[in-house]
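Read off the chains here:
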There are 2 protein chains.
Amino acid sequence: MKRLIVDMDDVIADATGQFINFYEKEFGVRVTRESLNHQDEGLGFPANHDVVQQFPFRSSFFQTMQPHEGSQKIIELLNKKYELFIVSAAMEFPQSLPEKLKWLGEHFPFLTWRQIVFCGSKAVVHGDYMIDDLPYNLETFKGEKFIFSAPHNLHIHGFQRLNNWQEVGERFL
Amino acid sequence: MKRLIVDMDDVIADATGQFINFYEKEFGVRVTRESLNHQDEGLGFPANHDVVQQFPFRSSFFQTMQPHEGSQKIIELLNKKYELFIVSAAMEFPQSLPEKLKWLGEHFPFLTWRQIVFCGSKAVVHGDYMIDDLPYNLETFKGEKFIFSAPHNLHIHGFQRLNNWQEVGERFL
């Protein structure tokens, strides 16, 4: 069985949507997803509000994210065909650890605690395939790498790209 | 720089001592460390009390452990010579995640969040060396493996053995 490493934020969880929601609640402006395209994470928000250094440290930020469209169904199928690990670079945000665990239990109840990894650097994990939205997570990986499309990585080249969970299913199932 | 993977419980943290303390508090009997020798984890406690299935789920179990003698000084030196990761199979005990993170910050303040991994199965991590007290964690590791002595592994053969932190220093520094 091949080992497949899948990221959480902006891969199975809609982190971008959560930034937009939190920004609207705080500043009263609803930013569109498209206006964030082709800019590094957080840079697309108005008035130089450095949301990446703020919102992820707040309580409920991780726990109330929506799963990415189609991710639950496809992950459930992948889980039968691959040795699947969910690997999240969560250690920077200590309060996120129990929230992320709870979130996975809620939205992906067929995964077990044996399949979950919370780390700082992903350089320490190995497998056959990795799906991630951040180039620096993919760069240290020795297997086959896939960038999962998010507004902040649309300008990144050099990786095989998966635009949505339908495409993940077509490639891996 | 070679990558060194070091476990927490019964390697840098005195989990056995914590089991003894919790057992004494609960049942009024102070078990000696030696009486636990050569028996699988938890089996040495009287009256078939299955402490392994109880105490690790309790609040403060992980946070109030003592560091293993000499571990802090040696880890600080190893941290300059190796790409060091602390990897703990903590996911089975959700309440342990923030406790373990806090514990590391308190007793090993020179480590950064980038060096910490909480997982279910350690099969997903790779490196040059692994120091662990549990055979099943070492078995899936592809690098050089060292079993760190604890009462529950003294009857296990087939691994290079490190009996204490002085021996870790002599081997790796």
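Residues numbered from 1 in each chain as written. Chains lettered and ligands numbered in written order. Predicted model: local features only at pLDDT ≥ 70, side-chain atom pairs only at ≥ 80, totals over all residues. Heavy atoms only, no water.

**So, the nonpolar core**
Ile12(A) and Ile12(B) are the most contacted members of the largest nonpolar core, which has 89 residues in total. If near-sequence neighbours (up to four positions away) are discounted, Ile12(B) is found in contact with Val6(B), Asp7(B), Gln66(B), Pro67(B), His68(B), Ser71(B), Ile75(B), Ile86(B), Trp103(B), Leu104(B), Phe108(B) and Trp165(B). Ranked by size, the runner-up nonpolar core spans 22 residues in total, among them Ile5(A), Phe85(A), Val124(A) and Ile147(A). (Core = buried A, V, L, I, M, F, W, Y, C linked by side-chain atoms within 4.5 Å. Buried < 20%, exposed > 50% of the residue type's maximum accessible area, 1.4 Å probe, protein only. Contact = heavy atoms within 4.5 Å.)

**Remarks on the packing of aromatic side chains**
In total, this model carries 34 aromatic pairs over all chains according to the counting rule given. With centroids separated by 6.0 Å and ring planes inclined at 70°, the aromatic side chains of Phe108(A) and Phe110(A) adopt a geometry described as edge-to-face. Accessibility expressed as a relative area gives 1% for Phe108(A), which makes it buried. Taking the relative accessible area as the measure of exposure, Phe110(A) reaches 23% and is therefore partly exposed. Ring geometry for Trp103(B) and Phe108(B): centres 5.6 Å apart, planes at 40°, overall tilted. (Phe/Tyr/Trp six-rings, centres within 6.5 Å; stacked < 30°, edge-to-face > 60°.)

**Structural notes on the packing of helix α2 (residues 71-81) of chain A against helix α5 (residues 165-172) of chain A**
All names here are of chain A. Where α2 contacts α5, the two axes come as close as 9 Å, and the packing angle between them is 20°. When the axis of α2 is compared with that of α5, the two are roughly parallel. Relative to α5, α2 is oriented so that their crossing is left-handed. Within the contact between the two elements, α2 uses Ser71, Ile74, Ile75, Leu78 and Lys81 and α5 uses Trp165, Val168, Gly169 and Phe172. Among the residues forming the contact of α2 with α5, the class breakdown is 6 nonpolar, 2 polar and 1 charged. (Axes fitted to C-alpha atoms, helices over the stretch in contact; angles between N-to-C directions. Helix = DSSP H or I, 4+ residues; strand = E, 2+ residues; numbered from the N terminus. Parallel < 35°, antiparallel > 145°, perpendicular 65-115°, else oblique. Left-handed = near helix turned anticlockwise from the far one by under 90°. Nonpolar A, V, L, I, M, F, W, Y, C, P; charged D, E, K, R; others polar.)

**Quick look at the sheet that holds strand β4 (residues 129-132) of chain A**
In space, the 12 strands of this open sheet follow the order β6(A)-β5(A)-β4(A)-β1(A)-β2(A)-β3(A)-β3(B)-β2(B)-β1(B)-β4(B)-β5(B)-β6(B), with mixed pairing throughout. Each of the sheet's edge strands pairs with one partner strand only, and the pair in question is β6 (160-162) of chain A together with β6 (160-162) of chain B. When strand polarity is set aside, the average angle formed by the axes of neighbouring strands in this sheet is 25°. Bridge analysis of strand β2 (residues 83-88) of chain B against strand β3 (residues 116-119) of chain B gives 3 bridges, and the strand direction is parallel. Looking across to β3(B), one finds that Val87(B) is bridged to Val117(B). (Pairing = 2+ DSSP bridges.)

**Some details on the relation of the copies chain A and chain B**
Expressed as a screw transformation, the operator carrying chain A onto chain B has a rotation angle of 180° and an axial translation of 0.0 Å, and the superposed copies differ by an RMSD of 0.0 Å. A rotation of that kind, with that shift, is consistent with a two-fold axis. By C-alpha distance to the rotation axis, the residue of chain A lying nearest is Val125(A), at 2.3 Å. Interface residue correspondence from chain A to chain B reaches 100%, placing this contact among same-surface, isologous pairings. (Least-squares fit on C-alpha atoms with pLDDT ≥ 70 in both.)

**Considerations on the interface of chain A and chain B**
Each side of the interface is counted separately: chain A has 20 residues, and chain B has 20 residues. Buried surface at the junction of chain A and chain B, both sides included, amounts to about 2,000 Å², of which 74% is carbon and sulfur. A per-residue breakdown of the area chain A buries against chain B is headed by Met91(A), Trp113(A) and Val124(A), which together make up 31% of the total. There are 0 salt bridges connecting chain A and chain B. Where chain A meets chain B, there are 11 residue pairs in polar contact (both at pLDDT 80 or more). Within the residue set of the side of chain A that touches chain B, elements represented by two or more residues are β1 (3-6), α3 (96-107) and β3 (116-119) of chain A. When the residues that make up the side of chain A that touches chain B are grouped by side-chain class, the tally is 14 nonpolar, 3 polar and 3 charged. (Buried area = accessible area lost by both parts, 1.4 Å probe. Salt bridge = Lys/Arg side-chain N within 4 Å of Asp/Glu carboxyl O. Polar contact = N/O pair within 3.5 Å; in protein donor to acceptor, adjacent residues only side chain to side chain.)

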